[in-house]
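Take a look at the letters that make up each chain.
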Amino acid sequence: MKRPLALIGFTYLLTLTVALSFGSFFSTLLGTLCLLVVTGILLFHKKRKITVICAVLLTGAMAFLTFGGYAKTTLDPVEQLNGKTVTITGTLCELPIEEEQRHFYILEVNELKTDPEDGEISLPKLQKIRISTQNPLRMDLYDKITGKIQLYTPGNSNDFSTQYYYASKGITLFGFLWEYQPFTIEKTEQKPPYYYALLLRKTMKDSIYRLLPKKEASLLSAAVIGDRDELTRSVKEDFINSGIYHILVVSGLHMSLISLLLLRIFRSVRLPKSLAVSLTAAAVLCFMAVTGFSPSVVRSGIMTLLMLGGLLLHRKPDAINSLGGAVLLIGLWNPCAGGDQGLLLSFGSTLGILVLTPKLSKAVKERMEHRRNGKALRWDQRFFLRIVNLLSVTLGATLFTLPLFIVTGRSISLIAPLTNLLLFIPSTLMIQTGFLAAVFGLLPPFSFFAKGLAFVSGVLAKLLEGCTHFLGNLPFSTVSTSFGFVVLWLLFSLLLLGYLLVWCPTKHGYRMGALVSALLLFSGIGSYQIAERDHIRVAVLDVGSYLSIVVTKQNRAAIIGCDGYSATKLKTYLQREGVHTITYLQLLEGSQEEKQIASELCKTMEVEQVVLQENMYDSVGLQEETTVVRYREQVQATLLDEVELTLAGEFEENGMLFQVKDLTFLVIGSSYEKDLSQRERNTADFLIANGLPESDTGGTYLTTILAREEDELQTLWNRTYLEQETVNLYTTGGKGSIVIDVAGNQQISVRREN
């Protein structure tokens, strides 16, 4: 095998990623099956040599069995603590985060005790949990806290990506601290070495915010040390839509820029090469610690250290082999590494750059040199070659991360090549000057240099913000991979590539294939936009026993109810639908959780109008341009084009009617206690509810959607109503969201979506 580490490392990481979908039992079963197949090959193969297939199967078996054992012993047992209230003693092991008027702390669990009323429970071994509080806790890093905490699992049963993302960071449960009950904080005098790395991270962040205004500082803090806590949703969306969000995620680009910068500085002061390389390697390790040893940083850090080691030994390491070795080490250390989408994106983009960029650049250069008959390239040709290199980097990264975008339903930026071409130099200069400004800001004698560098980096940050906002909001700048035609286009492109490789492996064939693929993509985008012009979608999201209804048309949405444990499901759905603006946000229950989610939406997205009951306490953080409407007995509003809402008379308590084209939807919240009149029962075509008056016997609804699990229905709902033959019943509890599509020609379809 030419590159054994690449083969084994790539196989191991991809197998861990696949294992997430199978769980502990089937992962163990698949691992055992792989071992049996390998044994059969070795027994019946005449030469009995370990072939590439055997190596792949052995690596896959090891990955499946490792994940299956880890999930069985660590991940599965925590489910029994979901919803339980326990007493925990934990050590604060990461910097606190303040977000949406709440404070989050990551604790390393030292001791756990359950409530005696819960009976005897076999306690799992917890690594870390993330707790939230309404008020900040007066505790330093590695202090201990003991208190009552209500635990719950991240996401829900259908949101494994959230669960495994946090599991990849060692966090298996979330929790709320019972602040109204006594809890104790114990100071710790002796701190581990990682404490000083976190302290340096905090100091560098404070230095950046001291030197720059908050908006530019938040962007620079994300690009330099990976701290994205202060970034607004609009800035993140602009960078995603522009195709340069990788600038805000510390990975290979940042590690390469910083290591090369330091190496040049050390060499410029006449340090010996071995000393300069050693100091740069030490700085890389320190930088990995400051950024929190995230998997993408560890991957790029290992590759950078191998590159520096090659300089010391006067040998050039194989980049693809180094990438395979890096991801193999990460996978062996962390069985849930496949759940970290940042690592997968970093791995895919790096592999695409290493595989495609050299080949494309070499092909273009050889063609240009052939036309020059061996003469040196002119300045304009050299400039064109640099542009080709930048575009090939973007193309390689995009193609190799496309499968992950399709699986997660994310949007793909169609203007990424243009944005990367325009902003590559400003972004690299911003990262380098920002890093030096943060470092010099720690040293008072060099404060003058820090201010000058911060000024330059601040100007570049403003330039990036303005350009990404303009480019990211251009029409058709992105396309969502959740659209069916994108998957069909990808399959056709892969089949076309396979055909060209086998039957027509010529440059002309590849050019024509690329042209046909591009034409199909843009034709699909155009036809989809035309088809969706009058299309309205009503989604009842699966958020447990809470109500959250999203009505979307093109890139705009209206939300009726946003209650639940977290905003993850709602924000993920809005992202998949490509929503840019929320025209209407209606709070149904007014619970603290619903207000927190509404506050998060208002701060991270453009919300035009928020509707509250008159007696509902306003703790929703609003944008200045957001209109607030309060009502006592009635409110009428136009949510979107062809979507009207009426909330009047007997509907003032958690109930309302809204109309989509000629269809009427009746929404009833859990605390609705009044009987429905015959008019409302016979008017509604759809009933969406999680609470119903006991005396109601139903109406002529076409479809009833209940935010409950099926086993709860007989105890919580009117049996007479449920047993009607005319009721077409759907439930969301744990089974996925219900989506109703209303086309322009009044065609209706109802489907379930996970």
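Reading guide: rules and limits
Residues numbered from 1 in each chain as written. Predicted model: local features only at pLDDT ≥ 70, side-chain atom pairs only at ≥ 80, totals over all residues. Heavy atoms only, no water. Helix = DSSP H or I, 4+ residues; strand = E, 2+ residues; numbered from the N terminus. Buried < 20%, exposed > 50% of the residue type's maximum accessible area, 1.4 Å probe, protein only. Contact = heavy atoms within 4.5 Å. Areas by Shrake-Rupley, 256 points an atom, 1.4 Å probe, with all protein chains shown as cover. Phe/Tyr/Trp six-rings, centres within 6.5 Å; stacked < 30°, edge-to-face > 60°. Lys NZ or Arg CZ within 6 Å of the ring centre and 35° of its normal. Patch = residues over 30% accessible without salt bridge, like charges linked within 9 Å, V, L, I, M, F, W, Y side chains within 5 Å. Salt bridge = Lys/Arg side-chain N within 4 Å of Asp/Glu carboxyl O. pLDDT = per-residue confidence, 0-100. 1 Å grid on protein atoms, 1.4 Å probe; cavity = no way out; pocket = protein on both sides within 12 Å on 5 of 7 lines; lining within 4 Å. Points joined across faces, edges and corners; volume = space filled by probe spheres on them. Axes fitted to C-alpha atoms, helices over the stretch in contact; angles between N-to-C directions. Left-handed = near helix turned anticlockwise from the far one by under 90°. Nonpolar A, V, L, I, M, F, W, Y, C, P; charged D, E, K, R; others polar. Expected span 1.5 Å × (residues − 1). Lys, Arg positive; Asp, Glu negative; His and termini not counted. Charge placed at Lys NZ, Arg CZ, Asp CG, Glu CD. Core = buried A, V, L, I, M, F, W, Y, C linked by side-chain atoms within 4.5 Å. Pairing = 2+ DSSP bridges.

Trainee: Would you take a moment to explain the overall build of the protein for this structure?
Mentor: Tallying secondary structure elements over the protein gives 21 helices and 25 strands in all. Out of the 754 residues in the protein, the part that is buried amounts to 51%. Here the contacts in the protein between residues at least 6 apart in sequence split such that 64% fall between residues at least 24 apart. Accessible area for the protein stands at about 36800 Å²; split by element, carbon and sulfur atoms hold 60% of it.

Trainee: Honestly, the packing of aromatic side chains in this entry has me stumped. Any pointers?
Mentor: Geometrically, a pair of aromatic rings is defined through the distance of the ring centres and the angle of the planes. A full pass over the atoms with the stated rule returns 17 aromatic pairs. Counting every residue linked through ring pairs, the aromatic cluster contains Tyr152, Tyr165, Tyr166, Phe174 and Phe176. Across from the ring centre of Phe174, 4.0 Å away, lies the NZ or CZ of Arg130, which sits over that ring. In this structure, Lys191 packs its charged tip against the face of Tyr195, placed 5.2 Å from the ring centre.

Trainee: What exactly am I supposed to notice about a nonpolar patch on the surface here?
Mentor: Among the surface-exposed residues, Val18, Phe22, Phe25, Phe26 and Leu29 lie close enough to one another that they form a single nonpolar patch of about 500 Å² accessible area. In this fold, Phe22 is placed in helix 1 (residues 4-44).

Trainee: Which parts of the structure should I look at to understand the confidence of the model for the protein?
Mentor: In low-pLDDT regions, the fine details of the predicted coordinates are not to be read closely. For the protein, the average pLDDT comes to 79, and 81% of its residues sit at 70 or higher. No element of the protein has a lower mean pLDDT than helix 20 (residues 713-716), which averages 50, and none a higher one than strand 7 (residues 184-186), which averages 92. Across residues 156-160 the pLDDT falls below 50, and counting only partners more than four positions away or on other chains, this stretch makes 14 contacts in the model. Within the model, the stretch residues 648-652 combines pLDDT values under 50 with 19 contacts to residues more than four positions away or in other chains.

Trainee: Please clarify how unusual backbone geometry should be interpreted in this entry.
Mentor: Leaving glycine aside, a negative phi is the common case for residues, and trans is the common case for peptide bonds. One non-glycine residue, Tyr142, lies in positive phi territory at about 70°. Along the polypeptide, Tyr142 turns up in the loop between strand 4 (128-133) and strand 5 (144-152). Phi is positive for Phe293, which is not a glycine, with a value near 55°. Mapped onto the elements, Phe293 comes out in the loop between helix 8 (273-290) and helix 9 (295-313).

Trainee: Quick question: what am I supposed to make of empty space enclosed by the protein here?
Mentor: Regions of empty space are outlined by a rolling probe, equal in size to a water molecule, passed over the atoms. By the definition in use, this model includes two cavities of 30 Å³ or more. Taken as a whole, the largest cavity holds about 40 Å³ of empty space. Along the walls of the largest cavity sit Ile244, His246, Ile247, Leu253, Asn420, Leu423, Phe424 and Ser427, which together make up its complete lining. At four residues, the largest contribution of residues to the lining of the largest cavity is made by helix 13 (residues 416-440). The computed volume of the second largest cavity comes to approximately 30 Å³. Of all the secondary structure elements, the ones that give two or more residues to the lining of the second largest cavity are helix 7 (252-268) and helix 8.

Trainee: I'm lost on the packing of helix 4 (residues 193-211) against helix 5 (residues 214-225) in this one. Help?
Mentor: The packing of two helices is summarised by the inter-axis angle and the distance between the axes. Relative to each other, helix 4 and helix 5 sit at 145°, their axes nearing to 9 Å. The element helix 4 and its partner helix 5 pack so that their crossing is right-handed. Packed against helix 4, whose contacting residues are Arg201, Met204, Lys205, Ile208 and Tyr209, the element helix 5 presents Lys214, Ala217, Ser218, Leu220, Ser221 and Ile225 at the interface. Its residues assigned to classes, the contact of helix 4 with helix 5 shows six nonpolar, two polar and three charged.

Trainee: Please explain the pattern of salt bridges as it appears in this structure.
Mentor: Opposite charge on two side chains permits them to pair, given that their charged atoms come into close proximity. Taken as a whole, this structure holds twelve salt bridges when the rule is applied. Close ionic contact of Glu230 with Lys214 constitutes a salt bridge, the shortest N to O distance being 3.9 Å. Of this pair, Glu230 sits in the loop between helix 5 and helix 6 (233-242) while Lys214 sits in helix 5, placing them 16 residues apart in sequence. Overlapping salt bridges bring together Asp140, Asp143, Lys187 and Lys191 as one network.

Trainee: Sorry if this is basic, but what is going on with helix 9 here?
Mentor: Taking 1.5 Å of rise per residue, 19 residues should cover 27 Å, and helix 9 covers 27 Å from first to last C-alpha, within 8% of that figure. Where helix 9 is buried, its residues touch helix 7, helix 8, helix 10 (319-333) and helix 11 (341-371). After helix 9 finishes, the residue His314 shows a positive phi value of roughly 60°.

Trainee: Which parts of the structure should I look at to understand the layout of surface pockets?
Mentor: The space that makes up the second largest pocket amounts to roughly 2100 Å³. As for the second largest pocket, its lining consists of 43 residues, and the residues nearest its centre are Leu356, Leu360, Leu395, Leu399 and Ala514. Broken down by secondary-structure element, the contributors of at least two residues to the lining of the second largest pocket are helix 11, helix 12 (379-408), strand 8 (411-413), helix 13, helix 15 (484-503) and helix 16 (507-531). Top element by residues in the lining of the second largest pocket is helix 12. It accounts for eleven residues. A per-class count over the lining of the second largest pocket returns 32 nonpolar, seven polar and four charged.

Trainee: Is there a simple way to think about a positive patch on the surface in this case?
Mentor: A cluster of basic side chains, namely Arg367, Arg371, Lys507 and Arg511, defines a positive patch on the protein surface. Elements with a minimum of two residues in the positive patch: helix 11 and helix 16. Looking at where Lys507 falls in the secondary structure, it is placed in helix 16. You can call Lys507 exposed: its relative accessible area is 55%.

Trainee: Would you take a moment to explain the nonpolar core for this structure?
Mentor: Within soluble globular proteins, side chains that are nonpolar generally end up buried alongside one another. Ranked by internal contacts, the top residues of the largest apolar core, which has 62 residues, are Phe10, Met430 and Phe435. Formed by 33 residues, the second largest nonpolar core is a distinct cluster that contains Ile129, Tyr152, Ile171 and Phe176.

Trainee: Would you take a moment to explain helix 14 (residues 447-472) for this structure?
Mentor: One full turn of an α-helix is made of 3.6 residues, so residues set three or four places apart face in the same direction. With 26 residues, helix 14 should reach 38 Å at 1.5 Å per residue; the first-to-last C-alpha distance of 36 Å fits that figure. Considered for burial, the residues of helix 14 that qualify are Ala450, Leu453, Ala454, Ser457, Gly458, Leu460, Ala461, Leu464, Glu465, Thr468, Leu471 and Gly472. The elements touched by buried residues of helix 14 are helix 4, helix 5, helix 6 and helix 13.

Trainee: Could you clarify how one ought to interpret the pairing of strand 15 (residues 609-613) in this entry?
Mentor: One face of the sheet, then the other: side chains in a regular strand alternate in exactly this way. The buried count for strand 15 comes to four of five residues, which makes it a mostly enclosed element. Bridge count between strand 13 (residues 581-586) and strand 15: two bridges; the pairing is parallel. Bridged to Gln586 within strand 15 is Val611.

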